[in-house]
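# Structural description and commentary
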Amino acid sequence: MQTSSYSSSRILLPVRPWFIGFSLLVALLLNFLPTTIWHGVPDWLALLIVFWSVREPRRVGMGLAFVFGVAMDVADASMLGQHALAYVLAAYGGSSLSRRILWFPLGLQALQVLPLLLLVQLVQFSVRLLAGADSPGISYFLGPVFGTLLWPLLTFVLLLPQHQPVDRDANRPL
């Protein structure tokens, strides 16, 4: 009897630290792309920080989120600390809610992650307004919605290297 290959009841291999770092660097590079004219492009780095702080709260925490946030502040030429504060709050929320979020199926996990992604955008929005920038409009908040819709696909792709092959050995239960 063969079970579903990607069900939540499968035992996963431990995540490799280089894979976490590689995925965060790819997200950082995706954030460097000039996509500000397109509405609804998610903040890839915020999405990955939330993902890894939910999945691996001991490896990805507020310190790493702060470092990547400062890198985004420098690259984006925005007010220093804007992304850092938002990412630290997202990492804190993700690690605090990780046990709760992981109890839900993927669709409901995405709904649990939506407030964290909206928090990132709201913090950045507030800091920009306090600094005297113009309001980007309501379309600025479409990114977290699309990030939430991408959560199941992102989970599948990022957990793919951790899945063990389906073992057909009848004498070995795990």
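Structure shown above.
Okay, so let's go over this structure. (Residues numbered from 1 in each chain as written. Predicted model: local features only at pLDDT ≥ 70, side-chain atom pairs only at ≥ 80, totals over all residues. Heavy atoms only, no water.)

## Observations concerning empty space enclosed by the protein
Convention followed: With a 1 Å grid laid over protein atoms only, a set of points is called a cavity when a 1.4 Å probe fits there but cannot get out and a pocket when it is open yet has protein on both sides within 12 Å along at least five of seven lines; lining residues have an atom within 4 Å of a point. Grid points are joined across faces, edges and corners, and a volume is the space filled by probe spheres set on the points. The secondary structure listing takes helices from DSSP runs of H or I that are at least 4 residues long and strands from runs of E that are at least 2 residues long, numbered from the N terminus. Three classes are used, and their members are as follows: Ala, Val, Leu, Ile, Met, Phe, Trp, Tyr, Cys and Pro are nonpolar, Asp, Glu, Lys and Arg are charged, and the others, Gly among them, are polar.
Summed over all chains, the structure comprises one cavity of 30 Å³ or more. If you add up the space inside the largest cavity, you get close to 70 Å³. Lining the largest cavity are Val41, Pro42, Asp43, Ala46, Leu47, Leu117, Val120, Gln121, Gly143, Pro144 and Gly147. For the lining of the largest cavity, the secondary-structure elements that each account for two or more residues are helix 2 (44-55), helix 6 (106-130) and helix 7 (142-159). Considered class by class, the residues forming the lining of the largest cavity number seven nonpolar, three polar and one charged.

## Here's the deal with the packing of helix 1 (residues 17-32) against helix 2
Keep this limit in mind: Where helices are involved, their axes are fitted lines through C-alpha atoms of the stretch in contact, as for all axes, and angles between N-to-C directions lie from 0 to 180°. Here roughly perpendicular refers to angles of 65 to 115 degrees, roughly parallel to angles under 35, roughly antiparallel to angles over 145, and oblique to all remaining angles. Should any heavy atoms of two residues lie within 4.5 Å, those residues are considered in contact.
Where helix 1 contacts helix 2, the axes come no closer than 7 Å and their chain directions differ by 155°. On the basis of the axis angle, helix 1 is roughly antiparallel to helix 2. Of the residues in helix 2, those in contact with Phe19, Ile20, Ser23, Leu24, Ala27, Leu28, Leu30 and Asn31 of helix 1 are Trp44, Leu45, Leu48, Ile49 and Trp52. For the contact of helix 1 with helix 2, the class distribution of residues is 11 nonpolar, two polar and no charged.

## Describing the packing of aromatic side chains
Threshold: The criterion for an aromatic pair is that two Phe, Tyr or Trp rings (for Trp, the six-membered ring) have centres within 6.5 Å, with stacked assigned to planes under 30 degrees apart, edge-to-face to planes over 60 apart and tilted to the rest. Exposure classes here rest on a 1.4 Å probe applied to the protein chains alone. A residue is buried below 20% of its type maximum, exposed above 50%, and partly exposed in between.
Following the criterion strictly, the structure yields seven aromatic pairs and no others. Between Phe19 and Trp52 the ring centres are 6.1 Å apart and the planes differ by 85°, which places this aromatic pair in the edge-to-face class. Highlighted residues: Phe19 in helix 1 and Trp52 in helix 2, separated in sequence by 33 residues. Exposure remark for Trp52: the relative accessible area of 0% places this residue in the buried category. Each residue in the set Trp18, Phe19, Phe51, Trp52 and Trp151 is aromatic and connected to the rest through ring pairs, giving one cluster.

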